[in-house]
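Below, each chain spelled out in residue letters.
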Amino acid sequence: MRAAAAHLSQRAFASGPPLKPQTRSRHSNAARAVKVVAQQAATQDPLMVRAARKEPIERPPCWMMRQAGRYQKAYRDLAAKHPSFRQRSEVTDLIVQISLQPWESFRPDGVIIFSDILTPLTAFGIQFEIDDNKGPILDHPLRSREQLKELHAIELDKLHFVGESLRLLKAEVGGQAAVLGFVGCPWTLATYIVEGASSSLYKTIKSMMFTDPQFLDALLTHVADQIAEYVKYQIDSGADCIMMFDSWGGQLPPKDWDRWSRPYIEQIIRKVKATHPHTPLTLYANGSGGLLERMGQTGADVIGLDWTVDMADARARLGQHVAVQGNVDPVVLFGSQEAVKAAVDDCISKAGHSGHILNLGHGVLVGTPEENVKYMFDLSAIYSVHAQPKGLRFATGGIDQKVKIWNLPAALDANVEVQPSTNKLLAMLVEHTGAVNVVRFSYDGKLLASGSDDFSVIIYHQLAGAGGTTLGSTTSSVENWRPKLMLRGHASNISDLAWSHDNSKLATASTDCSVIVWDMAAGGGRLATLTAQRSFVKGVQWDPVGSYLAAQSDDHTVVVYSTADWAPLATIDKPYKRSITDTFATRLSFSPEGQWLLTGNAFQQGNHCAVIIKREQWQEASEYNFLSGHTGAVVSTAFNPKLFHLPVAKEGPSNGKPAAFQEHVTPILATAGNDRRVVVWSAAGGAPLFAGKALFKQGVADVSWTSDGYTLLACSTDGTVGVFQFSQSELGRAASEAEMEEALRDLYGGRQRGEGGALLFAESVEQLEADGDQLAAAPQGQPDRLAAAAPTVLGAQQLAGDPEGIDLLEAKLAGRMGAGGETQVGFGGAAGSAPLGGAASAAQPAPVRNGQKRRLAPEPVNPKAAPAATITAAAAAGAGPGDPARGGAMPPPPTRQPSVPPASGGAAAPAAKRQRQALASGAAGPSGRATGAGPAAALAARAPNGHLGAAGAAAGLPQPSAGAAGLPPGAAGGAWGPVQVLQAADVRQDWSVQFQGEERRQQQQAGASWEGEGAPPPPRELRIANRDRGLGGRPHVELMCLRGQQAVWADLLAGQAVCACATQHFAAVGLQDGSVVLYSPAGRRLGGCFKLGAGLARLACDGAWLLLAITTTGRVKLLHVGQQRALLNSTLGPLVEDGSQLVDARLSRQGWPMLTMSSHRAYVWHPGMEEWMCVAEEAYSGTPYIPSIALPSQGELAGLQMRTLAGSQAVQPRSLLNSRPTQQQQSRALLESNLAAALCLQSPQEYRRALRSYAQLLSESGDLERLRELCMELLGPPFPPAGHPASSPPELDQQLSDTARVGVPDMAGSGMSAHGSGWQPRLLDLDKREDLLVGEVLPVLGRSRAAGVLAQELRDVLSDLQHMVE
């Protein structure tokens, strides 16, 4: 740390004696981090055991088949000394040593004994050898009955080394991981016994299946009996779980596996479970894709999957009654760590939240890089941690897709933690379907926001009562945290998020290169989308005063935005230009008094460091302060929420006198990075207060201070949370709340309480004057605000000069007051932010430069002083008074008003003051419009029914026409125009869309594939650039169609583009005024500018000729561009009556609209009924039939439901929530809806899947009436219509009908009208009898006795039908 301290002293905040950490007990020891493993065991069993039993787990346990083996150097070194495999696998000391090699290197959740599946053969009479090159060799393959008679019962004493090794491993691991034993399954062992060696064709043993089945059955039965005893022996010796390897079971066709492998596996499982019912048994078969359902019915607790099976498909096929293990492709470990992470993320996300053991789909391959094996083991990562402000909780999020809320006192006090009554884990929230990258409590502690790789942000709140069981998990939460809101808007992963200090706004950063600001005070509407950065945005933070928002990106910049107009004020790049790596996150932090911005991932003078930037001196490099002390990139930074009183040297020692100190108030901060270090700094001293090294196995991803300022939490990608506790002797005395408020008041000139009790600060005398004028103009009876005073500085109580002679205090005085007391502004309140600043002024002077400082007109920050007005959500999102496309109502015609006279004294009043006078008097602003009669005033004057009341009429506001009364949402609204029911699409500066179907079009034009012709030309891209000036000073949009870097065509349009889409046949561009312009592939305009009558909310196309347009009034238009005609003209009125907003709109493969709403409902257009059909709603989220991730094999209905219901949690009475009949009813309703939706979408695959699940549900619930009706509909009349392939001569019809009635007497009285002449034998090009009834329904009816009787009756009828036809 000496070198780091010397580097820091060049740019330290201030000089002073470094405070050295002292060694103390846990409660005050900062030099020793306390590891809190993020887990809450429901039992004392290892995590892997609990996962195998489908008990609550915090993360998927991880181990690897062949994790001890030749890929490890330690193993190769040991094998060189002991070349015999039999020796290495049959000598206790060597077994234990080899088995523990991966444990010592990687700490897996399972330690498997190093052995071989053939090891027990010698104990019951079969001798073998193992050649390191050829594998197992049996000199006398067993192929005769005489040899079979020589076999005997297993002699377990000959396998003593196995029992001894398991006992030693159990003691060595000490319960931190599961100890695994393993055996081979009878069929796999028999292949070696009969063939005499490894084989690729298995001709000998497969021939026995037909030539001597009795011999083979006797051999397999004997082997099964001995292996069952061997399994029991391993369990009694200490094995927590048993792996059963049917390595060559996949070589058998499914029907042969049912005959020659499955019965003997079940024989072993029955015998073991009779004596050891609680020990999990895992069954693995290589190449088992065609056997999954059969394997799941053997009685095994866990089914191991190889890498050729899709995890989501396996989960769907196996059901929820068994756990799964696997199944990352082992070859992935030869790739990059990014590829490993992607494969693990995909596997975990598809496996779901419980009953999953992470593993490879096969053993670790020879040559696999050890560092990648280690990396995969370390991917139980925690990505974010946050302490609840003034609360007793902290939250974590990580790769397991869960948000967990923990008991903070239990983490801080070992005595509390070990109490049996202590609940460490308070809640587990499982609504996300991707890794959770960030969690943040609001500043009042009432809300918790989480951002995920599933592109969504979920806002949780705590409800009364216990949490109960959470959807998707068997965990019973102590506290009842439930989703309150889901925010969707980003097109990629959420990397960071931050609450404003008054909790009215939330900013989210994403790898889609944008930051979105959400209005949380107005229900989560989007305020702004910030796109000033060119690469992934990985950090975002609010200034405590609320004037600035800072974001850091992988393009090596930090952009500071003004919250007044969301414009970028400064782009900071100098500290980051030389950054040599990109990081998982770049979490920023502002100091508690708002004077300093702390960022990471800087690189200076060959050192990784953090950089501290002075407020408003964003681009003055001479004022940057660099903090070194890290050997890797700084990923996360955090200022302590408190200021601290620390001693700083007043004068150095002289003449034998000790140095003199005086107390200063200073910030404390923490930095953490990829180097696994956590460093704590003081602004008053050059050396770190604390530097923790090698406390984690992997890098640190996030840090968070507790609200008292004396505890720091740090989380790591190794899956742990570190707790660092400090004392007053280390950090100093924390400033009180009163002292913190005084510091802010001295800096920013005043304070008052805003909405929710949040402290609001003016940042200049002018701003206080603005508030004073507004308060004077406000009605009497409003509470007095604090008297305004000229801002002062904290002086020595805040910052002192640095040793280089740069007097930061003097610079601060000059910066704050300027020459002659000039006030530096630029921290105005957020325009259009009703909770903070009331109504924004109508005419804000343009920003100017004065002494290199950006100046803005001050805004009032006192909500009481603002003019009373109702601000619409659209207006808060930036809609102007005359911009109906953005949600602003059309104002009345402008009225000329006399200009405001100069203020007293003869001098012209400042623009801001003239504006305040205009607001107070209702005078016109600079635009000539009356500022007192804008859309807010008009809306406030409306009567409750939406008509203008007497006040509105008296004000001269236009009244709606008589015909407007009683119209539903989306209908015309009289003179005020259509009523906006949907948010308008945002105006973005530069963006692009791809041409859908381009690859197919290229191949059609070429007439063949591109093989032999070189690389195909790149697909086309339509780039759109909105410009504020040009075209005679008016806004316009520049369009350019590119193929690669080559321009195909270009065009200019007046106005601003808000949405666009393109196909191989056309391109469509939607403008802010509701116009749509269509282009041919060569850039010709296809007709004029089509006016849709309102602003645009969405445009979508299908890759061919169809265009879907949705307006802000809810109008839905489906157009065939090629034929120039409308196919659909409808409205979203019924869908938005509950206040829902449109989240997503797209076209199905059949060309009909599919809509996702914010109410967690999805609709498709039913062309036959000509109505919207609901295919997903929140009540369905409690069913097991909603997919957790969209897959190509699942179809568009599953994808629509996944997108709609991801994160949804149906709110029901507790008595109903845990009611199985209620869940069955909801599941049945969902599946019935899926059947209808699959028909509507013409999706045969999804129809078959829904039909199979529906039949299974009816069978398991004993709902025979519905089941019988379903089967009769598929069976149809005895003979299908003439011409059907299964039709038979008419004279047989009556005979067969009588036969059917005799066989199934109840069926004849079902009353199914579908059995009349209207019955059709095919559905979605599927035969109802063969494909659906026989292929899908009958196979699942045998799971209950009653349904089994029905299944047999149906088989008899079908058999009779077939016999009569033949």
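Residues numbered from 1 in each chain as written. Predicted model: local features only at pLDDT ≥ 70, side-chain atom pairs only at ≥ 80, totals over all residues. Heavy atoms only, no water.

Caption draft 1: Examining the pattern of salt bridges more closely. Applying the stated criterion across every chain yields a total of 43 salt bridges. Notably, a salt bridge pairs D225 with K271, separated by 3.9 Å at the nearest N-O pair. In this pair, D225 is assigned in helix α10 (residues 213-236) and K271 in helix α12 (residues 262-275), connecting sequence segments 46 residues apart. Note on D225: relative accessible area 25%, which makes it partly exposed. (Salt bridge = Lys/Arg side-chain N within 4 Å of Asp/Glu carboxyl O. Helix = DSSP H or I, 4+ residues; strand = E, 2+ residues; numbered from the N terminus. Buried < 20%, exposed > 50% of the residue type's maximum accessible area, 1.4 Å probe, protein only.)

Caption draft 2: Structural context of the side chain of S553. Topologically, S553 is positioned in strand β26 (residues 548-553). Within polar-contact distance, the side chain of S553 engages the backbone oxygen of F536 at 3.0 Å. Among all residues touching S553, those that are not within four sequence positions of it are Q533, S535, F536, V537 and K538. (Polar contact = N/O pair within 3.5 Å; in protein donor to acceptor, adjacent residues only side chain to side chain. Contact = heavy atoms within 4.5 Å.)

Caption draft 3: Region of the structure containing unusual backbone geometry. With an omega of -10 degrees, the peptide bond running from G326 to N327 counts as cis. Within the secondary structure layout, N327 lies in strand β9 (residues 323-328). Despite not being glycine, C513 has its phi angle at roughly 70 degrees, a positive value. Relative to the helices and strands, C513 resides in the loop between β22 (505-510) and β23 (515-519). For H1160, which is not a glycine, the phi torsion comes out positive at approximately 60 degrees. Within the fold, H1160 resides in the loop between β58 (1153-1157) and β59 (1161-1166). Judged by relative accessible area, H1160 falls into the buried class, the value being 11%.

Caption draft 4: Structural view of the packing of aromatic side chains. With the rule as written, the count across this model stands at 18 aromatic pairs. Seen from their ring centres, F441 and W481 are 6.1 Å apart, and the 70 degrees between their planes marks the pair as edge-to-face. You can see F441 sitting in strand β15 (residues 436-441) and its partner W481 sitting in strand β20 (residues 480-488), a full 40 residues away along the chain. The exposure class of F441 is buried, given its relative accessible area of 2%. Ring pairing ties together the aromatic residues F690, W705, F724 and F726, which thus form one cluster. Between R259 and the ring centre of W260, over which it is positioned, the NZ or CZ distance is 3.8 Å. Cation over ring: R1020 sits above F995, and NZ or CZ is 4.0 Å from the ring centre. (Phe/Tyr/Trp six-rings, centres within 6.5 Å; stacked < 30°, edge-to-face > 60°. Lys NZ or Arg CZ within 6 Å of the ring centre and 35° of its normal.)

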